[in-house]
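# Close look at the chain arrangement
The chain contents come next:
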There are 2 protein chains.
Amino acid sequence: MEIPKSHPRYASLMTRHKLVEGHRNGLTAPEGLIAHGRGEALDYLLGERTTEWAARAQRAAAAALLLATRPVISVNGNVGALVPEDISALANALDCPAEVNIFHRTEERVSRLCQALRGSGCVKVLGDRPDAKLPGLDHPRAVCCRDGIFSADTVLVPLEDGDRAEVLVKMGKNVITIDLNPLSRTARAAHITIVNNVVRAVPELVKEVSELKRDLGAGKLDSAGLDYIIKGFSNGENLEGSLDIIRKGPLERLKGQRPAPNSGTDGK
Amino acid sequence: MEIPKSHPRYASLMTRHKLVEGHRNGLTAPEGLIAHGRGEALDYLLGERTTEWAARAQRAAAAALLLATRPVISVNGNVGALVPEDISALANALDCPAEVNIFHRTEERVSRLCQALRGSGCVKVLGDRPDAKLPGLDHPRAVCCRDGIFSADTVLVPLEDGDRAEVLVKMGKNVITIDLNPLSRTARAAHITIVNNVVRAVPELVKEVSELKRDLGAGKLDSAGLDYIIKGFSNGENLEGSLDIIRKGPLERLKGQRPAPNSGTDGK
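Below is a summary of the structure that appears in this document. (Residues numbered from 1 in each chain as written. Chains lettered and ligands numbered in written order. Predicted model: local features only at pLDDT ≥ 70, side-chain atom pairs only at ≥ 80, totals over all residues. Heavy atoms only, no water.)

## Quick look at the overall build of chain A
Note the following rule: Strands are runs of DSSP state E lasting at least 2 residues, helices are runs of H or I lasting at least 4, and numbering of each runs from the N terminus. The globule rule used for comparison is 2.2 Å times the number of residues to the exponent 0.38, while the radius of gyration itself is calculated over C-alpha atoms. Throughout, exposure labels follow a simple rule: accessible area from a 1.4 Å probe, protein chains only, divided by the maximum for the residue type, with under 20% read as buried, over 50% as exposed, and the rest as partly exposed. Any two residues whose heavy atoms approach within 4.5 Å are treated as being in contact. The protein chains shown are the only cover counted for residues, whose accessible areas, like all others here, come from Shrake-Rupley with a 1.4 Å probe. Positive charges come from Lys and Arg, negative ones from Asp and Glu, while His and the chain ends are left out of the count. Charged groups are reduced to one reference atom each: NZ for lysine, CZ for arginine, CG for aspartic acid, CD for glutamic acid.
Check the secondary structure of chain A and you find 13 helices and eight strands. Against the 2.2 N^0.38 benchmark of 18 Å for 268 residues, chain A shows a C-alpha radius of gyration of 19 Å, consistent with a compact globule. For chain A, the C-alpha atoms occupy an extent of roughly 65 × 45 × 35 Å along the three principal directions. Of all 268 residues assigned to chain A, the portion counted as buried reaches 57%. Look at the contacts in chain A between residues 6 or more apart in sequence, and 63% of them connect residues 24 or more apart. A total of about 11200 Å² of accessible surface is found on chain A, and carbon and sulfur atoms cover 51% of it. Of note, chain A has its 36 positive side-chain charges centred 2 Å away from the centre of its 34 negative side-chain charges.

Encoded structure:
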C-alpha cells in the first residue's frame, strides 16, 4: 500500500497501517484494532492535533512522573505496536520499567511485546514473568509484576480499560492515562488524563520530561516547582475543555459546508 | 467471553465480538475492524439508536429499492460478518442480487463472504466471478459483476469507500448508503444516506420493504406513492439533522455530569 505524503489524511492512514502490521506481527489484538478505530473518530473530532488541554495534561504528567518514587509505564498491544521507540525513550529518561500488561492476555503476545520494547532499546522491560495480582479483577486481567505496576506509586497507563484504571486508583496509585474519549471511565477515574492520540502524546511526553530534567539539572526548577505544576492542573476542568472541543471544533466548522447538491432521488 | 445480557453495553459488545469472530473466520479485514471502531464512537455519540433522521432515510431507501428496475446490494467484509441473514432477507424480498465487493480484495475472502450469504439463504449471490470494471478506479477496487453492480440502476452500498461511492454516482446510479459518519465523502456523495449502525439499519430496512410491499399488494400504494416518499426526502437536511444530534445529544447530556472528584495529584 502506497500512501503519498501529500495525502490529507497521511498521518492517520500511516498510523492505521502501522497498527494493522502490528496485528499481523502478533502484537495487537483484533479488539485493539476496533479500539483504535474509536480513537480515530474522536481524534478526527478533536482536530487530530495536540489541543491546549492535552498540552497542559502532558506537562502535569511529566512533572508527576519525575516526582514519583517508583514510576512505571504500562504497555498494551496498541501502544507497543505504535510507539515502542518513544515508550522506550520515556522509560529510559525516567529510569523506570515499561511493563507489558495487556487486556486480552496471551503469553505469546506478551513475549512479542517485550521483544519489541527490548528491540527499541528499553533498558527495564517487565511483564513476561508476572508474580503479583491486582485485587478485585479476574485472573488474566489481574496479573502484573511486583517490581512493576504492583508496587508503583505512579503509573502511566495509556489506553487502559476502565475496570483496571479504577482498581489502580483504589490501590492509592497516582494514575496518568492517555485516552481520546474524555467521557470514558478511565479518563474520569485517572488523576491526569491526556486527551490525545498516543502517537503524538508519547513523543511529546519524552520532550516534556527532558525539558523538565534539563531545568532540574540547571537548578532552575526543584521538586516544589514540579509539585506546583501538578497542583495547577485540574483533571475535571481539562476533560470538560476537551469535550467542548469535540462539540464545537471540527463539527462546527464543517457544519457550515452544506453537502454537495444531490441529484437522482434527492428531490431537494 | 461471557457478556451478561444486563450489561449496559451488551448490544455494542456483542456486535464487536461478532466482528472479531468474522475476522477470525476470514470474512473481515483488519482494516474493517478499525473502521468498525470509528463507527462505534459515532454510534455512541448518536445515542446507539435509530434516530428520527435515520428512520426517514430508511423509509426513503426502501421506496427507492422497490421502485428500482435493477437494484443490487453490495456486501463488504463487515456487513457480511455482522448481518448476513438480514442482507439475505432484504435481497430475497427485493428479488435482487447481493454482490460481494470488498475494498481489501482477496479471492479467499470474497469466496468466504459468498458462502456466508448462500448459507444465510440468499438466492442471488454475485461477486466471486467478476467480469466488469468500474471506470476510474485501480484494479482491485474496480472489479465487479456485469449483472450486478455494473448494470444496476440503484445500489445499496453500506459502509462504502468514498472514491467508489463517487464513481457509482458519476455512473448515474441511484446510490443508497449506510454510514455512521454524516461528514464522510460517501455520506455526502450518496443520494440517500442512512446514518445508522448496520446492525439496526439492515433489519429495519427489511421491515420497511415488507410493509411497503404489503401496501403495494393491497392496492393502498402505487409507484407514484413510492416516488412521493422519495421526493419528500432531502439528504442534505438529513445529514445536518444527524450532525446536530452528534453535537447536542449524548455529549450535552453527559457534559452536565462532572467527573468524580479526584485525589492524588489533582489538587482541585
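## A word on the sheet that holds strand β2 (residues 98-100) of chain A
Residue and element names in this part refer to chain A. Put simply, the rule is: Here, a strand pair is defined by DSSP locating no fewer than two bridges between the strands. Angular values range over 0 to 180 degrees, each being the angle between N-to-C directions of two axes fitted as lines to C-alpha atoms, with helices fitted over their stretch in contact.
Read across the open sheet, the six strands follow the order β3-β2-β1-β6-β7-β8; overall the sheet is parallel. Unpaired on one side and paired on the other, β3 (125-126) and β8 (192-194) mark the two borders of the sheet. As paired elements, strand β1 (residues 71-75) and β2 share three bridges and run parallel to each other. Across the sheet, residue I73 finds its bridge partner in β2, namely A98. Strand contacts of helix α5 (residues 84-94): β1, β2 and β6 (154-156), with the helix running at about 165° to β1, the strand carrying the most contacts.

## A few points about the packing of helix α2 (residues 30-46) of chain A against helix α1 (residues 10-24) of chain B
The condition that has to hold: Oblique is the label for any angle not covered by the other classes, which are roughly parallel (under 35 degrees), roughly antiparallel (over 145) and roughly perpendicular (65 to 115). Each crossing gets its handedness from the near helix: less than a right angle anticlockwise from the far helix is left-handed, clockwise is right-handed. The classification used treats Ala, Val, Leu, Ile, Met, Phe, Trp, Tyr, Cys and Pro as nonpolar, Asp, Glu, Lys and Arg as charged, and all other residues, Gly among them, as polar.
At a minimum axis distance of 10 Å, the contact between α2(A) and α1(B) shows a crossing angle of 125°. Between α2(A) and α1(B), the crossing angle belongs to the class labelled oblique. Considering the relative orientation of α2(A) and α1(B), their crossing is right-handed. Contact residues: α2(A) offers A:P30, A:E31, A:I34 and A:R38, while α1(B) offers B:R16, B:V20, B:H23 and B:R24. In terms of residue class, the contact of α2(A) with α1(B) is built from three nonpolar, one polar and four charged.

## Brief notes about the nonpolar core
Counted only if it meets this: Buried Ala, Val, Leu, Ile, Met, Phe, Trp, Tyr and Cys residues that are joined via side-chain atoms within 4.5 Å together make up what is termed a nonpolar core.
Core analysis: the biggest nonpolar cluster contains 95 residues, and A:I73, A:I87, B:I73 and B:I87 have the highest contact counts within it. Listed in part, the 22 residues of the second largest apolar core include A:A187, A:V195, B:L45 and B:L239.

## Brief notes about the packing of aromatic side chains
As a reminder, the rule being used: Two rings from Phe, Tyr or Trp (for Trp, the six-membered ring) form a pair when their centres are within 6.5 Å of each other. A pair whose planes differ by under 30 degrees is stacked, one over 60 is edge-to-face, and the rest are tilted. Lysine NZ or arginine CZ positioned within 6 Å of the ring centre and within 35 degrees of the ring normal marks a charge as sitting over the ring.
If you walk through the whole model with that rule in mind, you get zero aromatic pairs over all chains. Here the guanidinium or amino end of A:R56 rests over the ring plane of A:W53, the centre of that ring lying 4.6 Å away.

## As for helix α6 (residues 107-119) of chain A
Residue and element names in this part refer to chain A. To be explicit about the condition: What a helix is expected to span follows from its residue count: subtract one and scale by 1.5 Å. The arc in question is the one spanned by the directions pointing from the helix axis to the C-beta atoms.
The end-to-end C-alpha distance of α6 is 18 Å, a good match for the 18 Å that 13 residues give at a rise of 1.5 Å each. All buried positions along α6 are accounted for by R109, V110, L113, C114 and L117. Angular distribution of buried residues about the axis of α6 spans 140°; they occupy a single face of the element. Turned more than 90 degrees away from the buried face of α6, the exposed residues are Q115 and G119. The positive-phi residue at the C-terminal boundary of α6 is G121, with phi of around 90°.

Purely geometric stuff here, so don't read any function into it on its own.
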